[in-house]
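Residues per chain, in single letters:
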Number of protein chains: 2
Amino acid sequence: MSDNPNALTAWAALRRIEAGTLTAEALMQACQARIAEREPEVGAFIHLDPEAARAAVRTASGIGPLRGLPVAAKDLIDTADMPTAYGSSIYEGNQPTEDAAVVARTRSVGGVVIGKTVTTEFAWRRPGKTRNPHNLAHTPGGSSSGSAAAVADCMVPLAFGTQTAGSVIRPAAYCGVVGFKPTFGTYDRAGVKELSGYFDTVGTFARAVEDIALFDGALRGATPPRLDTFDAAPPRLAIHVPFADRIDEDGGAALERAREAAQAAGASVAGLVDWTRFEAMDPVHATIMTAEAGRALAWEYDNAYDKLSDFYRETIAAGRAIDDDAYFAAMAEADVFRNEAAARLDGIDAILTVPASGEAPEGLEFTGDPLFNKVWTLLRWPCVTIPAGTGGRGLPVGVQIVTGYGEDARALAVAAWLERALVDRGATAV
Amino acid sequence: MSDNPNALTAWAALRRIEAGTLTAEALMQACQARIAEREPEVGAFIHLDPEAARAAVRTASGIGPLRGLPVAAKDLIDTADMPTAYGSSIYEGNQPTEDAAVVARTRSVGGVVIGKTVTTEFAWRRPGKTRNPHNLAHTPGGSSSGSAAAVADCMVPLAFGTQTAGSVIRPAAYCGVVGFKPTFGTYDRAGVKELSGYFDTVGTFARAVEDIALFDGALRGATPPRLDTFDAAPPRLAIHVPFADRIDEDGGAALERAREAAQAAGASVAGLVDWTRFEAMDPVHATIMTAEAGRALAWEYDNAYDKLSDFYRETIAAGRAIDDDAYFAAMAEADVFRNEAAARLDGIDAILTVPASGEAPEGLEFTGDPLFNKVWTLLRWPCVTIPAGTGGRGLPVGVQIVTGYGEDARALAVAAWLERALVDRGATAV
């Protein structure tokens, strides 16, 4: 598989395209062939239009920096030329008038939207059809299930997801790819179905940190962030292990491998002690997200109740029952915590932590626990997960890098540095 | 006019409906007759469907608490049964699939959407056709131009607007009605066209504070906030006059009338001194709003450039040119300022300030300066403007009440108290 263009990282593909040894058309065809072969088992997509994508490549290949690279978009994100159903039968066949801002931006920098990927129902609990490409009996995680699986299975080099609790970082870890939840607000949410305005964040998937940086630069209309910041002076890391009793052996071993690799490569790694407020913020996240889901899905609750899952019927009712005093108090507490928490980063370059409890759970019914993502999402800080080997059942496990508000470039530079350190240490494949 | 049902406040109309001396159908007909008479001059609406509204009243009149009351919705807010054009020819004839969350909520509590009101282009600079009903040669303010004018002209008792800089409070003041911008996030934004995710706030218009409270309770599914909190012990107010050299004689006189009325009714009124940081936050607001508009309107810029005003062509380009470091630094600064600013409210119940520089400017080209709204919007604190007499040209002028994050009930109670004090003092009509 690794000789096929679809298995190349975005950067590697672009290098070949510039060297004249690959065309954007051939890359698109290879990705589409991979989808045709694997989609019946993996089920990453909810909508594909191969002919339109091939036609789009002809124009897009002349537009930089993405030059016709295929990009998959979670079906929570509006597209003017493809139906967008938000993971709900309520919106079957729904055709948005315009592209979401991130899709418009992607097209304007040469990306080609190859298709819409499976999301859980309105980006929360009820799973879609997607399976973990590493073991079809396991969940790929969610809610950005299809995007994580499509990138992991080499169907596409780049994809969009969204995270409200743990919907980018967790599926990325489960599928063994790189996931990036930037600082809240980085990529605009116009045209993204709202679940929780306080948390919803657009993020990205790729198979290498440098691809995330490439995509990030393109989306921001800027030079990609430099990833060599720590080449000369390795980063100062601190490990934070919240909810330690909920992390399994595989999750703990991944963190240990990352620590060893980082130290072997010259990083300093300290522990982050006594941050008990961190765990106490988990219910604050739950209050805000539930209250906001109850508000955001008012039309669906009132007009399409019979097409909502039991989960949403209960959650929306619960959200409506949260009174405004509790809701505002939770948001005010989150604001204060975010300001206080900044001091935790004094003297370090990044936090190293787990992105999930361990391997992807067996079965497709439960997309896994976002416990290790919710408080970081509440902090609105950038998070990157990178692969860190496999667990006891041969499924991928990851580690997560977190930096402070707006320090996205640093998060990516530390992640790129650690990605290489893990490869050098033999903890992950090249 | 004042004997016509359309001139009643929402509360007064509901009392008559309960007493059996008015029906919701008759109220709707009176509002529609008023619209038919005045709309050619005022131009508050962009879409009306009188028959559908009359049909809807029959069912809605049985649903509480709004019992068929007509509500106007700014055309920035999606409606499943009416086109929604966001003030832009790009979206002429655009028919959303679903109702925005606030519209769904309104319908579920017995409100009837009577029509869509004029918004400036994507809720910023370029005005629509609406005129100030008090003097047709003057602007009604913006961006919620039609909603403010429709309520002021007794076409409808309640209306929705949105505020990103000063788009609820300022037109309410110019049109002589009550405007309410609640704490950020109070009314969900799902289905509201995004301009700036950090600021966009859904708000409401009415002709009395008690109507705002009624609508607020209905939207939140709660008992309306109590407005008699300060009946026994008058509020402790502090006056804040930012950008003092930009306030004209009429604006200053309104504030003076409010101060006198409040003191005569027993309130303590202190000055708020040395808050220089407040004025320094104005450019921070501008940076965030411009950067986000540049991101949110990416699809329009890339695909419908020729239908954008010159203002947006320039603003979107300027927004895209703001780099992420500046954008994130501005948001972080706003977060810190909001936390610091809370201490300003120690020992007082509310801040009393101006909602605008004075009367509505002459002409329709410029909807007025949001200078006296932007920093309050940045603080995400609740703001209420109430009428406080007229200025030198006979146009309405208002005063603004502001309280802390989540203290919406208190803001409304102080506003209701001051509204009565101004009437008692003879500063405003009943």
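Since the model is a prediction, treat every value here as computed from it, not as a measurement. (Residues numbered from 1 in each chain as written. Chains lettered and ligands numbered in written order. Predicted model: local features only at pLDDT ≥ 70, side-chain atom pairs only at ≥ 80, totals over all residues.)

A word on the overall build of chain A
At step 1: Helix and strand counts for chain A come out as 15 helices and eleven strands.
At step 2: Over its C-alpha trace chain A gives a radius of gyration of 20 Å, about what one expects of a compact globule, namely 22 Å for 430 residues.
At step 3: Seen along its three principal axes, the alpha-carbon backbone of chain A occupies a region of about 60 × 55 × 40 Å.
At step 4: The buried share among the 430 residues of chain A stands at 63%. (Helix = DSSP H or I, 4+ residues; strand = E, 2+ residues; numbered from the N terminus. Rg over C-alpha atoms; globule rule 2.2 N^0.38 Å. Buried ≥ 20, exposed ≤ 12 C-beta atoms within 10 Å, placed from the backbone.)

Things to note about the relation of the copies chain A and chain B
Relating one copy of the chain to the other takes a rotation about an axis and a shift parallel to that axis.
At step 1: When chain A is brought onto chain B, the operation consists of a screw motion whose angular component is 180° and whose axial shift is 0.0 Å, with 0.0 Å RMSD remaining. What the rotation and shift describe, once combined, is the action of a two-fold rotation axis. The rotation axis passes nearest to the C-alpha of Asp 335 of chain A in chain A, at a distance of 3.7 Å.
At step 2: Both copies present the same face, since 100% of the interface residues in chain A are matched by interface residues at the equivalent positions in chain B. (Least-squares fit on C-alpha atoms with pLDDT ≥ 70 in both. Contact = placed C-beta atoms within 7 Å.)

Focus: the domain arrangement of chain A
Residues and elements named next belong to chain A.
At step 1: Looking at chain A, the domain boundaries give domain 1 (5–220), domain 2 (236–275 + 339–424) and domain 3 (280–334).
At step 2: When each unit is reduced to the centre of its C-alpha atoms, the spacing between domain 1 and domain 3 is 28 Å.
At step 3: With 15 residues of domain 1 in contact, the opposing surface of domain 3 contributes 13 residues.
At step 4: Looking at the side of domain 1 that touches domain 3, its residues break down into six nonpolar, five polar and four charged. (Domains from an automatic or database assignment. Nonpolar A, V, L, I, M, F, W, Y, C, P; charged D, E, K, R; others polar.)

Here's the deal with the pairing of strand S6 (residues 201–206) of chain B
All names here are of chain B.
At step 1: By the criterion of burial, S6 is predominantly enclosed, with six of the six residues buried.
At step 2: Residues of S6 alternate between two faces, with Thr 201, Gly 203 and Phe 205 on one and Val 202, Thr 204 and Ala 206 on the opposite face, all of them buried.
At step 3: Judged from the five bridges that link them, strand S4 (residues 158–163) and S6 form a sheet pairing that is antiparallel. When the bridges of S6 are listed, Gln 163 appears paired with Thr 201.
At step 4: Across three bridges, the pairing between strand S5 (residues 178–181) and S6 is antiparallel. Opposite Val 178, over in S6, you have Ala 206 as the bridge partner. (Pairing = 2+ DSSP bridges.)

A few points about the sheet that holds strand S2 (residues 70–74) of chain B
Residue and element names in this part refer to chain B.
At step 1: Strand order in the open sheet formed by eleven strands is S1-S3-S2-S4-S6-S5-S10-S11-S9-S7-S8, with mixed pairing between adjacent strands. Where the open sheet ends on each side, the last strands, each with one partner, are strand S1 (45–48) and strand S8 (268–271). When the angles between neighbouring strand axes are averaged without regard to direction, this sheet yields 30°.
At step 2: Of the strand pairs in this sheet, S2 and strand S3 (residues 112–117) are connected by five bridges, and their pairing is parallel. Bridge assignment links Pro 70 to a residue of S3, and that residue is Val 112. (Axes fitted to C-alpha atoms, helices over the stretch in contact; angles between N-to-C directions.)

Overview of the interface of chain A and chain B
At step 1: In this complex, chain A contributes 41 residues to the contact, which on the side of chain B involves 41 residues.
At step 2: At the level of secondary structure, the elements contributing two or more residues to the side of chain A that touches chain B comprise helix H4 (101–108), helix H10 (282–296), helix H11 (298–303) and helix H13 (324–341) of chain A.
At step 3: Looking at the side of chain A that touches chain B residue by residue, the classes come out as 15 nonpolar, eleven polar and 15 charged.

Focus: the pairing of strand S9 (residues 350–353) of chain B
Residue and element names in this part refer to chain B.
At step 1: Neither face of S9 is open: one carries Ala 350 and Leu 352, the other Ile 351 and Thr 353, and all of them are buried.
At step 2: Note: S9 against strand S11 (residues 396–402), three bridges, orientation antiparallel. In the sheet register, Leu 352 faces S11, and the bridge partner there is Ile 401.

Some remarks on unusual backbone geometry
For residues besides glycine, phi is generally negative; the peptide bonds are generally trans as well.
Residue and element names in this part refer to chain A.
At step 1: With an omega dihedral of 0°, the bond running from Gly 64 to Pro 65 counts as a cis peptide bond.
At step 2: Its location among the elements puts Pro 65 in the loop between helix H3 (50–60) and strand S2 (70–74).
At step 3: One non-glycine residue, Arg 67, lies in the positive phi region at around 50°.
At step 4: With respect to the element layout, Arg 67 can be found in the loop between H3 and S2.

Side note on the sheet that holds strand S9 (residues 350–353) of chain A
Residues and elements named next belong to chain A.
At step 1: Taken in spatial order, the eleven strands of this open sheet run S1-S3-S2-S4-S6-S5-S10-S11-S9-S7-S8, and their pairing is mixed. A single partner strand is all that each edge strand has here, and the edge strands are strand S1 (45–48) and strand S8 (268–271). Across the sheet, the mean angle from the axis of one strand to that of its neighbour is 30°, orientation sign disregarded.
At step 2: Where helix H15 (residues 408–424) meets the sheet, its contacts fall on S9, strand S10 (383–390) and strand S11 (396–402), and the angle it forms with S10 comes to roughly 10°.

Brief notes about helix H8 (residues 249–264) of chain A
Residue and element names in this part refer to chain A.
At step 1: Over its 16 residues, H8 runs 22 Å from end to end, which matches the ideal 22 Å to within 8%, given 1.5 Å per residue.
At step 2: Three or more residues of H8 are buried, namely Asp 250, Gly 251, Ala 254, Leu 255, Ala 258, Ala 261 and Ala 262. Seen along its axis, H8 keeps its buried residues to an arc of 140°; they face one direction.
At step 3: The positive-phi residue at the C-terminal boundary of H8 is Gly 266, with phi of around 105°. (Expected span 1.5 Å × (residues − 1). Arc of directions from axis to C-beta.)

Here's the deal with the environment of Ala 55 of chain A
Residues and elements named next belong to chain A.
At step 1: By the secondary structure assignment, Ala 55 is in helix H3.
At step 2: Since 12 C-beta atoms lie within 10 Å of it, Ala 55 is described here as exposed.
At step 3: Counting along the chain gives 30 residues from Ala 55 to Glu 25, while the straight-line C-alpha distance between them is 9.1 Å.

Let's talk about helix H1 (residues 10–19) of chain B
Residue and element names in this part refer to chain B.
At step 1: Every buried residue of H1 is listed here: Ala 10, Ala 13, Leu 14 and Ile 17. Looking down the long axis of H1, one finds its buried residues gathered within 100° of arc, a one-sided arrangement.
At step 2: The inward-facing, buried residues of H1 abut helix H2 (24–42), S4, S6 and helix H7 (209–220).
At step 3: One or two positions beyond H1, positive phi appears at Gly 20, with a value near 85°.

Let's talk about the confidence of the model for chain A
At step 1: Mean pLDDT over chain A stands at 96; residues scoring 70 or higher make up 99%.
At step 2: Quick note on the complex model: pTM equals 0.93, ipTM equals 0.88. (pLDDT = per-residue confidence, 0-100.)

Examining the environment of Asp 323 of chain A
At step 1: You can see Asp 323 of chain A is positioned in the loop between helix H12 (310–321) and H13.
At step 2: Between the C-alpha atoms of Asp 323 of chain A and Ser 147 of chain A, which are 176 residues apart in sequence, the distance is 35 Å.

Let's talk about the packing of helix H10 (residues 282–296) of chain B against helix H12 (residues 310–321) of chain B
All names here are of chain B.
At step 1: The N-to-C vectors of H10 and H12 enclose an angle of 105°; their axes lie 7 Å apart at closest approach. Here H10 lies roughly perpendicular to H12, going by the angle between them. Between H10 and H12, the residues in contact are Thr 290, Ala 291, Ala 293, Gly 294 and Arg 295 and Thr 315, Ile 316, Ala 318, Gly 319 and Arg 320, respectively.
At step 2: Among the residues making up the contact of H10 with H12, the classes are represented as four nonpolar, four polar and two charged. (Parallel < 35°, antiparallel > 145°, perpendicular 65-115°, else oblique.)

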